[in-house]
Amino acid sequence: FLDVTLHKDNNITTGKIYQHVIQKERRGDYLGKTVQIIPHVTTAIQEWVERVARIPVDVRVTPEAKPGATGGGGDGADHVPEVCVIELGGTIGDIEGMPFVEAFRQFARKVGASNFCNVHVSLVPQPKTTGEHKTKPTQVSVRELRGLGLSPDLIICRSENPITSEVKEKISDFCHVDPDQVVCIHDRSSIYRVPLALEEQKLALFFDTRLDLNLDHKMPRPLMRRWRDLADRYDNMTKEVNIALVGKYTKLQDSYASVVKALQHSALHIHHKLNLTCIEAEALELTAKDTDPVKYYEAWQALCKAE
């Protein structure tokens, strides 16, 4: 979506942070002090974010372009990025994410309110028995977040159907934010509809004001028109293409994320809807014919049906 190239340091994991801290401790960087979650691990997280945030993002460079020239739609290769977007995964309150939450609490205070914006994503379920949106999970998670020292500047409500203005007002009252700081992102026909939904709810204007970005508010109409055409094309495809993906870790969706995305984008480019079938490589082996013949024949049948 952003048309930028990210590298391995753009992905921060707990294991990477602990390894980094242990290496510093082994080198004697802490001068023999006892290594603790606070301040050593939390400081390492902040330093990692600050370092990566200053690295220029590479954009797609056309073959005829000279080294250092920019192509595509992102920042230039020599420009320091203006905004760093960080996803803190997991659920607020989980023990795994605690060092990261504490690190960003400290980070928010260090960089100042005008340089830090906290977007809290929360599920607003709608039980079919009542048909009413339930705001309690959002209230509890925001309360938990505040208890950990972070306050949401924006609450993104994920829901199956659009939430009503009454629900939005309720979240606003109980979570101590203005109604325009509560944004609904309900399920769409495709992921390509999401940026259009965010644009409709004037999120760019909110971030411009909140982070003092001084953006040009003239709508990039050609870009948005092309994006809308892309979303419409995705929704109205009639031709289909059947692809089989054979692999060892097909049960884990993230394992072949790059391959799956490449197939999706390629299919969209040639105006075809992708029907992807994942097949376990082991199920195609001759040994599977003896141990699990049903699985063996089903796997081969799925493979033979694919194009």
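Residues numbered from 1 in each chain as written. Predicted model: local features only at pLDDT ≥ 70, side-chain atom pairs only at ≥ 80, totals over all residues. Heavy atoms only, no water.

A. Seen up close, the domain arrangement of the protein. Domain annotation for the protein reports domain 1 (1-59 + 96-109) and domain 2 (238-305). On a C-alpha basis, the centres of domain 1 and domain 2 stand 37 Å from each other. (Domains from an automatic or database assignment.)

B. Representation of helix H2 (residues 37-53) in the model. The end-to-end C-alpha distance of H2 is 23 Å, a good match for the 24 Å that 17 residues give at a rise of 1.5 Å each. Residues of H2 that are buried: His40, Val41, Thr42, Ala44, Ile45, Gln46, Trp48, Val49 and Val52. For H2, the elements touching its buried residues are helix H1 (14-27) and helix H3 (98-111). (Helix = DSSP H or I, 4+ residues; strand = E, 2+ residues; numbered from the N terminus. Expected span 1.5 Å × (residues − 1). Buried < 20%, exposed > 50% of the residue type's maximum accessible area, 1.4 Å probe, protein only. Contact = heavy atoms within 4.5 Å.)

C. Spotlight on the environment of His269. Tracing the backbone shows His269 in helix H9 (residues 257-269). Overall, the relative accessible area of 63% leaves His269 in the exposed class. For His269 and Leu230, which are 39 residues apart along the polypeptide, the C-alpha to C-alpha distance reads 9.4 Å.

D. Layout of the pairing of strand S2 (residues 154-159). When you tally the buried positions in S2, you get 5 out of 6 residues, the bulk of the element. Sheet analysis places strand S1 (residues 119-123) next to S2, joined by 5 bridges and oriented parallel. When the sheet's bridge partners are listed, Leu123 is paired in S2 with Arg158. With respect to chirality, the unit in which S1 leads through helix H4 (residues 136-147) into the neighbouring parallel S2 is right-handed. Bridge analysis of S2 against strand S3 (residues 182-186) gives 5 bridges, and the strand direction is parallel. Along S3, the bridge assignment pairs Arg158 with Ile185. (Pairing = 2+ DSSP bridges. Right-handed = clockwise from strand over helix to strand, strands pointing away.)

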